[in-house]
Amino acid sequence: MHIAWILALVNLFLVPAFGMTVIEDAEVIIESSGVPGQPVAIKLPFNWDTAQGGMDGKARVLIRFPADDPRAPLGILFSRLGNAYEARLNGVLLGAKGSGNDPHEDYSKQPQFFKVPEGVLQEKNELAILVHAQGGRRAGVSVPVIGPADEVHRQYEEAYRWRVSGFLALSIVSAVLGVIALLLWLRQREPLYVYYGVGEILWAILVSDTLAQRTLLPWPWWGIVVFSAYALAAALISKFSLIFVDRHAGPMKIFGDWHAWLTVPAVAASFLLRMPLLLSVWLGITLLVCIGTALIAVVEGMKSRELEKRVLAVAVIATCIAATRDMLYFRVFPGFGGVPWVRYAWVAFGVTLAWTIAERLRKSAQAIASMNQDLAQRLAEGEAKLAATYAAQAETQRNQAIVEERQRLTRDMHDGLGSQLLGALQLSQNPEVAREVITAHLREALDHLKLTVDAMQDIEGDIASLLGALRYRLSERLDAAGIRLAWSVDPLPAIGGWTLQQSRDLQMILFEAFSNLLAHSGASNASLRAEYLGREHAIRIRLSDDGKGFNPRSQEGPGGHGLANMRSRTARLGAALDIESSPAGTCVNLLLPLPSA
């Protein structure tokens, strides 16, 4: 059996089903320059370019076959037929496409199915195929499959899926992947993506050629475009593979560069000079470039621990095997009518790119997560150091403020207590002054001293503790004066940032109020009420008695200078002081606002 038919069987896409006939024996009459030749016996498939090289012309292929049952519906399938053709069975026209004079037409790319009309089939039949061929365009007649019409039509649909529908899907996938790669290149300017992107778009042009029975450019210019796209796509994908495995350097890079630059001139020369052998040689060089790239990719992929490089190695091996098969089938033996394997094997490069992008995204995400974790750790360490530094500075400032407050309190004690003691000393030197007066002055000085000492203790804004200390200091004097004190202090919030001076001011305001109560009110009952007012966000302290009262506006009344001091200290605290007095008693209200959170 002819080697081309063996390869056609290996092709696996048009294996005849049971009950079908495959016919190899035929005769051909070649017409060149308008002169028909003599009939010549041939073995199908018939390849015009093998028979006539780059010349245009016509060929009439005669296929004879018997029919066991002339009345049975018969179908005939050709995987390739044309460029343009006319098919007649026993003189009856089965179908025709193209005129043979239009260089834009090529109907040999898609499978053709003919259903034999009733009454045409005989016991002995002659199928005559007139082929209009354009040199270098792979015109010819494939091995026909003849059998029951329904079964042959199923074979036709299978062939159509592989040669037309499948190629349509492949061209769309290649175009989409190419655009994605070029968009990645525009964003990242990495040569890996531009080589792959341009290579995929060129491959999409090549694959989509099967879909176009009328081409954009006339022949042979369209042939230059298609075969240049084939060789350039292979060259660019080879560069992509070398960059991928970090071997885009040295002799292989130089050879690949020269191959890419010379591809279009070599392909154009083969078509314009009608030298099909030159095209076969150049495609053979392209295959050598791919095989050399495959060897490097396989060696580097097997050495690498990166899974994507191993995926690339598998893709390159699969593509080179398919390309070698296609080179042998279509160019060396040559075969006719099969489906190019390399077009399907090429999808492996798309898988490689997708895998690469996914791996890079994964590694980038891991790197970003690691960087974020490291940054968070550094930030936490920085915040801890900053917090420690701030705490140390705050403690230093606090201690300094305490020292300053104590110095102010010391000066206050010197000025206040000193003047009181000096006054008591002067009174003691006057024999006319009663002992009780001197005792009162000394007791008041002693109370001032105790309160000053209390104020020097940092209460950290605890007003309840301050009130408790004041009660403790004045309880003896209140008991001695016969005044019963009702004490009611609710839980009070601590005041942030409270200073010793503020404690001193609040103590002296309340001390002055109690001093007036003891000295001038004549009261027998008194009450102190402290509570937190949530609406006003303030603490209210209310001191009331049942004494004889006084005129708070009179500077001559009891505690005239004391009231002025109370108001001065109240203003310093930012508080509000309200004094109500009548013959039924006196009420001192102090509203101490809390700072905002």
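You'll find the structure just up there.
A short tour of the structure in this document, coming up. (Residues numbered from 1 in each chain as written. Predicted model: local features only at pLDDT ≥ 70, side-chain atom pairs only at ≥ 80, totals over all residues. Heavy atoms only, no water.)

### Here we look at the side chain of K239
Considering the arrangement of structural elements, one finds K239 in helix α5 (residues 221-244). Residue class for K239 comes out buried when judged on its relative accessible area of 5%. Not counting residues within four places of it along the chain, the set of residues in contact with K239 comprises Y195, H248, K253, G256 and D257. (Helix = DSSP H or I, 4+ residues; strand = E, 2+ residues; numbered from the N terminus. Buried < 20%, exposed > 50% of the residue type's maximum accessible area, 1.4 Å probe, protein only. Contact = heavy atoms within 4.5 Å.)

### Brief notes about the sheet that holds strand β14 (residues 145-148)
Spatially, the four strands line up as an open sheet ordered β1-β14-β7-β11, and their pairing is antiparallel. The open sheet has two free edges, formed respectively by β1 (21-22) and β11 (112-115), since each of these has just one partner strand. Pairing of strand β7 (residues 74-78) with β11 involves four bridges; the strand directions are antiparallel. Pairing of G75 across the sheet is with K115, part of β11. Contacting β7, β11 and β14, helix α3 (residues 149-188) runs over the sheet at an angle of about 135° to β14. (Pairing = 2+ DSSP bridges. Axes fitted to C-alpha atoms, helices over the stretch in contact; angles between N-to-C directions.)

### Section: helix α12 (residues 463-480)
With 18 residues, α12 should cover 26 Å at 1.5 Å per step; its first-to-last C-alpha distance of 26 Å lies within 8% of that length. Along α12, the helix axis deviates most sharply at L474, where the bend reaches about 45°. Positive phi appears at G482, one or two residues downstream of α12, with a value of about 75°. (Expected span 1.5 Å × (residues − 1). Bend = angle between axes of the 7 residues up to and from the residue.)

### Some points on the environment of V316
Note on placement: V316 falls in helix α8 (residues 307-332). Residues V316 and A345 lie 29 residues apart in sequence; the distance between their C-alpha atoms is 9.0 Å. Residues in contact with V316, not counting those within four places in the same chain, are S241, C290, T293, A294, A297 and F349.

### Looking at the pairing of strand β2 (residues 25-32)
As paired elements, β2 and strand β4 (residues 40-43) share four bridges and run antiparallel to each other. Residue A26 lies in a different strand from β4, and its bridge partner there is I42. In the sheet, β2 pairs with strand β6 (residues 57-66) via five bridges, with the strands oriented antiparallel. Directly across from E27, in β6, lies its bridge partner L62.

### Digging into the pattern of salt bridges
Here the structure, examined in full by the defined rule, presents 23 salt bridges. R137 is the salt-bridge partner of D106, the closest N and O atoms lying 3.5 Å from each other. Linking D106 in the loop between β10 (92-97) and β11 with R137 in the loop between β12 (124-133) and β13 (140-141), this pair joins segments that are 31 residues apart in sequence. A single burial state applies to D106 and to R137, both of which are buried. The network of salt bridges with common partners includes D490, R529, E531 and R540. (Salt bridge = Lys/Arg side-chain N within 4 Å of Asp/Glu carboxyl O.)

### Topic: the sheet that holds β13
Read across the sheet, three strands follow the order β5-β13-β8 without closing on themselves; strand pairing throughout is antiparallel. At either end of the open sheet lies a strand with only one pairing partner, and these are β5 (46-47) and β8 (81-82). The sheet contact formed by β5 and β13 spans two bridges and is antiparallel. Residue pairing in the sheet places F46 in a bridge with V141 of β13.

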